[in-house]
Amino acid sequence: MTTGTHVQPLVHAVNVTKRFGDNKVLKGIDLDVREGEVVCLLGPSGSGKTTFLRCINQLESINGGRIWVDGDLMGYEDRGGTLHHLPDRKIADQRREIGMVFQRFNLFPHMTALENVAEAPVHVKGVGKKQARDEARTLLERVGLGDRCDHYPAQLSGGQQQRVAIARALAMHPKLMLFDEPTSALDPELVGEVLDVMRELAQGGMTMIVVTHEIAFARDVADRVVFMDAGVVVEQGEPREIIARPQHERTRTFLRRILAEQDESPTREPDAPNLTKG
Ligand SMILES: Nc1ncnc2c1ncn2[C@@H]1O[C@H](COP(=O)(O)OP(=O)(O)O)[C@@H](O)[C@H]1O
Ligand SMILES: [Mg+2]
């Protein structure tokens, strides 16, 4: 498949299938993401978006197909055409290269923001404590929380906690960042600050797959929008094109509903960019 002129995508997913019991959740997903590309994954609840992200970083094992990240076959070793499960230790190595930010922030409540960010580099990567703390401080500054290093999660707003969670993922120097509805648990007035951090990350060249219902973010920041429904990719393409002129009825229905909801949502913080209206 690879030729001299062919640049391998950072994420190369081919015919990925996943079921839970009899429930076929992913029915053959193909997706390539180039290095530095930002892909927004849209689709109704239950369409398999979370499951797909979890398969990419091996929180779920797949039933069929293949996923490569930066040339590594995720979760398996291909020995002469037969796939063998990698041992947990190897899977942990692969997973470490991928940052994931969830809807809920999952910070350690008994650790400060700085300790939350420095924890994995020290305990998983063996980075020295001083270096890890210095890097954590720089990362917290980058997400606008340089003055909150010593705060505990309970002392931070949801938006601030989610920014700590992003800094924590970045501390591992991931090749790829996966975001699973990172703003959907936030009060509306806190959404903008998290999207701003993600936008900067995107502009800095991070490869990102973002599951979101924030259509304006998808339109303005994504290089490509992928619309999923019922375990398949229904359509994908240039964000403005897909959002303005979806080709499939399922996409049209979904976008109509989401945009109607977002038009009704309370207005955002006055100084935050208005991300919901076009
Ligand atoms: N761990 C699990 N066990 C059983 N079923 C699951 C599990 N995770 C997800 N599902 C099912 O998979 C389908 C897709 O879920 P999900 O990937 O969370 O969709 P989305 O993120 O698009 O809302 C749903 O029917 C859900 O009930
Ligand atoms: Mg989900």
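Residues numbered from 1 in each chain as written. Chains lettered and ligands numbered in written order. Predicted model: local features only at pLDDT ≥ 70, side-chain atom pairs only at ≥ 80, totals over all residues. Heavy atoms only, no water.

Looking at an unreviewed UniProt entry, the chain carries the name ABC-type polar-amino-acid transporter, with the source organism given as Yimella lutea. Listed in UniProt under the heading Sequence similarities (unreviewed entry), the comment for the chain reads: "Belongs to the ABC transporter superfamily." Under the Catalytic activity (unreviewed entry) heading, UniProt states for the chain: "a polar amino acid(out) + ATP + H2O = a polar amino acid(in) + ADP + phosphate + H(+)". (UniProt positions renumbered as here; feature names shortened; annotations may be inferred.)

### Considering the packing of aromatic side chains
As enumerated under the stated definition, the model contains one aromatic pair in all. Both rings, one in Phe227 and one in Phe254, keep their centres 5.4 Å apart while their planes meet at 45°; by these two values the pair is tilted. In this pair, Phe227 sits in strand E11 (residues 224-229) while Phe254 sits in helix H9 (residues 249-264), placing the two residues 27 residues apart along the sequence. In terms of burial, Phe227 and Phe254 fall into one category: buried. (Phe/Tyr/Trp six-rings, centres within 6.5 Å; stacked < 30°, edge-to-face > 60°. Helix = DSSP H or I, 4+ residues; strand = E, 2+ residues; numbered from the N terminus. Buried < 20%, exposed > 50% of the residue type's maximum accessible area, 1.4 Å probe, protein only.)

### Side note on the UniProt feature "domain: ABC transporter" (unreviewed entry) in the chain
Look at the UniProt record and you will see "domain: ABC transporter" (unreviewed entry) annotated at residues 11-255. End-to-end, the C-alpha atoms of residues 11-255 are 26 Å apart, and along that stretch the chain is 37% helix and 28% strand.

### Quick look at the nonpolar core
Core analysis: the biggest nonpolar cluster contains 53 residues, and Leu140, Ile166, Met177, Phe179, Met198 and Met208 have the highest contact counts within it. The element contributing the most residues to this core is helix H6 (residues 188-203), with eight residues. In contact with Met177, other than residues within four places in its own chain, are Gly99, Val101, Ile166, Ala169, Leu170, Leu201, Met206, Thr207, Met208 and Ile209. By size, the runner-up hydrophobic cluster in this structure holds 29 residues, among which are Leu31, Phe52, Ile56 and Leu73. (Core = buried A, V, L, I, M, F, W, Y, C linked by side-chain atoms within 4.5 Å. Contact = heavy atoms within 4.5 Å.)

### Examining the sheet that holds strand E2 (residues 23-33)
Strands sit in the order E2-E1-E4-E5 across an open sheet of four strands; the sheet is antiparallel. This sheet does not close on itself; its edge strands, each paired only once, are E2 and strand E5 (72-73). Pairing geometry for strand E4 (residues 64-69) and E5, over two bridges, is antiparallel. Its bridge partner lying in E5, Trp68 is registered against Leu73. Running at roughly 60° to E2, helix H1 (residues 49-56) makes contact with strand E1 (11-20), E2 and E4 of the sheet. (Pairing = 2+ DSSP bridges. Axes fitted to C-alpha atoms, helices over the stretch in contact; angles between N-to-C directions.)

### Considerations on the sheet that holds strand E12 (residues 232-237)
With mixed pairing, six strands are arranged side by side in an open sheet as E8-E9-E10-E3-E11-E12. Each end of this open sheet is capped by a strand with a single partner; those strands are strand E8 (98-101) and E12. Each strand axis lies, on average, 20° off the axis of its neighbour in the sheet, ignoring direction. As paired elements, E8 and strand E9 (residues 176-180) share four bridges and run parallel to each other. Among the inter-strand pairings, Gly99 is bridged to a residue of E9, identified as Met177.

### A short note on the packing of helix H5 (residues 158-170) against H6
One way to put it is that H5 packs onto H6 with a least axis distance of 8 Å and a crossing angle of 20°. Taken together, the axes of H5 and H6 lie roughly parallel to each other. For the element pair H5 and H6, the recorded crossing hand is right-handed. Across the interface between the two elements, Gly158, Gly159, Gln160, Gln162, Arg163, Ile166 and Leu170 from H5 touch Leu190, Glu193, Val194, Val197, Met198 and Leu201 from H6. Considering only residue class, the contact of H5 with H6 consists of seven nonpolar, four polar and two charged. (Parallel < 35°, antiparallel > 145°, perpendicular 65-115°, else oblique. Left-handed = near helix turned anticlockwise from the far one by under 90°. Nonpolar A, V, L, I, M, F, W, Y, C, P; charged D, E, K, R; others polar.)

### Examining the site of ligand 1
Around ligand 1, the surrounding shell consists of Phe20, Asn23, Val25, Pro44, Ser45, Gly46, Ser47, Gly48, Lys49, Thr50 and Thr51. Between ligand 1 and Asn23, the relevant distance is 3.4 Å, taken from an oxygen atom to a side-chain nitrogen or oxygen of the residue. Lys49 places a side-chain nitrogen or oxygen 2.7 Å from an oxygen atom of ligand 1. Expressed as a share of its isolated accessible area of 560 Å², the protein-covered part of ligand 1 is 59%. Secondary structure elements with two or more residues in the shell around ligand 1: E2 and H1. Considering every element that reaches the shell around ligand 1, the biggest residue donor is H1, with three residues. (Near = heavy atom within 4 Å. Polar contact = N/O pair within 3.5 Å; in protein donor to acceptor, adjacent residues only side chain to side chain. Areas by Shrake-Rupley, 256 points an atom, 1.4 Å probe, with all protein chains shown as cover.)

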